[in-house]
Amino acid sequence: MKRYIEMWSSGVGSWAAAKRRVAAVGVEPITLLFADTLIEDEDNYRFLIEGAASILGASLPRQFIPPIDSFPPIWEPEARALFLRGLAAETMELLPGFVWLIEGRTPWQVFFDERFLGNSRVDPCSKILKRQMADRWLAENCDPAVTIVDVGIDWSEAHRFDDGNGGGLRPRRAAAGWVYEAPLTEPPYHTKQDVFRLVAAEGLRRPRLYDEGHSHANCGGWCVKAGHAQAANLLRRRPEIYRYHEGQELTIRAHLGADVSMMTDRRGGGDKRPLTMKALRERIEAGGQIDIFDWGGCGCFSGVAA
């Protein structure tokens, strides 16, 4: 019998992809696989668990999910990792079809260890904390001859899955012997609003980051692949989170002794120049212009630039 591994994020895309797969093959061959960066928004962990239970047809004990204010903040990474390891163990005991992987480091800890600051084209955080973690689990637990791996990429980003010229996630993983599929790139095509309606119809509340205007709900609204618009939205909605990442970027710049940044400045044409989160914040606070259409993109499992 075929086995289906759903690459499970804490957003609505992977939920919708898994929902479509379950409708086609049932629950029995399904495994949900989540690789944790430890910096997801606290409400995403709520959706992660509730969404998994809904896909697997399981019920959760009353008040099982910890309240948001009980999570250690992201600037206390050791305490947060310990907390989430405990929550992961309890969740997997309740939901046998759910696998919650934790490497143990945050993206910033990876950057310091690798001596490299991630950016829109090179993402050691998702490479190490997500792709490599998931690949190891697949190699140790699955037979590629009878396994299909699903991702939550939809039709609007189908080029990340297969660009038709040998590029993208599907041909790259096929070269390694694995079959990857993206159910949401096939008809019927759903917009993000359609998916939100499906989530609500299931009796679920979508992650609050969507309500705050973020186009994806991963890594607490922050991402090394984020553009100016997403960063500005994070600054407006979650200034304390923005300031934390801003401080981490400044610290690693000093640690490396290099003029590096996650974002780039393209004003005035010519070559791209580093644009730190501090410089972007100061520009916004001074009333300066930013690219309001530059949202960037997540793409953790596609492994390609936004």
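Here, the structure is the one placed above.
For the structure given in this document, a descriptive report is provided here. (Residues numbered from 1 in each chain as written. Predicted model: local features only at pLDDT ≥ 70, side-chain atom pairs only at ≥ 80, totals over all residues. Heavy atoms only, no water.)

1. Overview of the overall build of the protein chain
1) Next: Helix and strand counts for the protein chain stand at 12 helices and seven strands.
2) Next: Considered along the principal axes of its C-alpha atoms, the protein chain spans approximately 55 × 50 × 35 Å.
3) Next: Per-residue burial for the protein chain yields a buried fraction of 52% across its 306 residues.
4) Next: Considering only contacts within the protein chain whose residues lie at least 6 apart along the sequence, 70% involve residues at least 24 apart.
5) Next: Accessible surface, the protein chain: about 13800 Å² in total, of which carbon and sulfur atoms supply 52%.
6) Next: Distance from the positive charge centre (38 side chains) to the negative charge centre (41 side chains) of the protein chain: 3 Å. (Helix = DSSP H or I, 4+ residues; strand = E, 2+ residues; numbered from the N terminus. Buried < 20%, exposed > 50% of the residue type's maximum accessible area, 1.4 Å probe, protein only. Contact = heavy atoms within 4.5 Å. Areas by Shrake-Rupley, 256 points an atom, 1.4 Å probe, with all protein chains shown as cover. Lys, Arg positive; Asp, Glu negative; His and termini not counted. Charge placed at Lys NZ, Arg CZ, Asp CG, Glu CD.)

2. Some words on the environment of tyrosine 242
1) Next: Position of tyrosine 242 relative to the elements: it lies in helix α11 (residues 239-256).
2) Next: Here tyrosine 242 falls in the buried class, since its relative accessible area comes to 0%.
3) Next: Once the C-alpha coordinates of tyrosine 242 and glycine 221 are considered, the two residues, 21 residues apart in sequence, prove to be 9.1 Å apart.
4) Next: Discounting residues that sit within four places of it in the chain, tyrosine 242 has contacts with Ala231, Leu234, Leu235, Met277, Leu280 and Arg281.

3. Some thoughts on the packing of aromatic side chains
1) Next: Here the structure, examined in full by the defined rule, presents 10 aromatic pairs.
2) Next: Of the aromatic side chains, those joined through ring pairs into one cluster are Phe34, Tyr45, Phe71, Phe83, Phe98 and Trp100. (Phe/Tyr/Trp six-rings, centres within 6.5 Å; stacked < 30°, edge-to-face > 60°.)

4. Remarks on the side chain of asparagine 119
1) Next: Here asparagine 119 shows up in the loop between α4 (107-114) and α5 (124-141).
2) Next: Using a relative accessible area of 19% as the deciding quantity, one classes asparagine 119 as buried.
3) Next: In terms of polar contacts, asparagine 119 uses its side chain to reach the backbone amide nitrogen of arginine 121, at 2.8 Å.
4) Next: Not counting residues within four places of it along the chain, the set of residues in contact with asparagine 119 comprises Val224, Lys225, Ser261 and Met262. (Polar contact = N/O pair within 3.5 Å; in protein donor to acceptor, adjacent residues only side chain to side chain.)

5. Points about the environment of glycine 227
1) Next: Summarising the element assignment, glycine 227 is placed in the loop between α9 (208-211) and α10 (228-237).
2) Next: In this structure, the C-alpha to C-alpha distance between glycine 227 and valine 199, residues 28 residues apart in sequence, is 27 Å.
3) Next: Excluding anything up to four places from it in sequence, glycine 227 contacts Met263, Asp294, Trp295 and Gly296.

6. Some remarks on helix α1 (residues 12-25)
1) Next: Counted at 1.5 Å a residue, the expected span for α1 with its 14 residues is 20 Å, and the 20 Å between its end C-alpha atoms agrees.
2) Next: Within α1, the full set of buried residues consists of Val12, Gly13, Ser14, Trp15, Ala16, Ala17, Ala18, Arg21 and Val22.
3) Next: Immediately downstream of α1, the backbone of glycine 26 shows phi near 85 degrees, a positive value. (Expected span 1.5 Å × (residues − 1).)

7. Side note on the pairing of strand β2 (residues 30-36)
1) Next: In terms of burial, β2 is largely enclosed, as seven of its seven residues are buried.
2) Next: Judged from the four bridges that link them, strand β1 (residues 3-7) and β2 form a sheet pairing that is parallel. If you follow isoleucine 5 over to β2, its bridge partner there is threonine 31.
3) Next: In terms of handedness, the path from β1 via α1 over to β2 forms a crossover that is right-handed. (Pairing = 2+ DSSP bridges. Right-handed = clockwise from strand over helix to strand, strands pointing away.)

8. Some details on the packing of α4 against α5
Helix packing for two helices is described by the angle between their axes and how far apart those axes are.
1) Next: Put simply, α4 and α5 touch, their axes get as near as 9 Å, and they point 110 degrees apart. By the criterion of interaxial angle, the relationship of α4 to α5 is roughly perpendicular. In the crossing of α4 with α5, the sense of the turn from one axis to the other is right-handed. Contact residues: Pro107, Val110, Phe111 and Glu114 in α4; Pro124, Cys125, Ile128 and Leu129 in α5.
2) Next: Residues belonging to the contact of α4 with α5 are distributed by class as follows: seven nonpolar, no polar and one charged. (Axes fitted to C-alpha atoms, helices over the stretch in contact; angles between N-to-C directions. Parallel < 35°, antiparallel > 145°, perpendicular 65-115°, else oblique. Left-handed = near helix turned anticlockwise from the far one by under 90°. Nonpolar A, V, L, I, M, F, W, Y, C, P; charged D, E, K, R; others polar.)

9. Observations regarding the pairing of β1
1) Next: Among the five residues in β1, four count as buried, and that is most of the element.
2) Next: For β1 and strand β4 (residues 147-150), the ladder comprises four bridges, and the chain directions are parallel. Counterpart to arginine 3 in the pairing with β4 is threonine 147.

10. Section: the nonpolar core
As a rule of thumb, nonpolar side chains are buried together in soluble globular proteins.
1) Next: If you look at the biggest cluster of nonpolar residues, it comprises 40 residues, and the most contacted ones within it are Trp8, Trp15, Leu32, Leu84, Phe98 and Trp100.
2) Next: Looking at this core, the elements that each hand over two or more residues are α1, β2, α2 (42-56), α3 (77-94), β3 (98-102), α8 (192-201) and α9.
3) Next: Top contributing element to this core by residue count: α2, with eight residues.
4) Next: Residues contacting tryptophan 8, with those up to four places away along its chain left out, are Ser14, Trp15, Ala18, Leu32, Leu33, Phe34, Ala35, Leu48, Gly51, Ala52, Ile55 and Phe98.
5) Next: By size, the runner-up hydrophobic cluster in this structure holds 23 residues, among which are Val224, Ala231, Ile241 and Tyr242. (Core = buried A, V, L, I, M, F, W, Y, C linked by side-chain atoms within 4.5 Å.)

11. A few points about the side chain of aspartate 36
1) Next: Considering the arrangement of structural elements, one finds aspartate 36 in strand β2.
2) Next: For the buried aspartate 36, no salt bridge exists, and the shortest N-O distance to an oppositely charged side chain is 6.4 Å, to lysine 130.
3) Next: At a separation of 2.8 Å, a polar atom in the side chain of aspartate 36 contacts the side chain of tyrosine 45.
4) Next: Within the local environment of aspartate 36, its side chain forms a polar contact with the side chain of tryptophan 100, the two groups lying 3.1 Å apart.
5) Next: Once residues within four sequence positions are removed from consideration, aspartate 36 is found in contact with Tyr45, Leu84, Trp100, Leu101 and Ile102. (Salt bridge = Lys/Arg side-chain N within 4 Å of Asp/Glu carboxyl O.)

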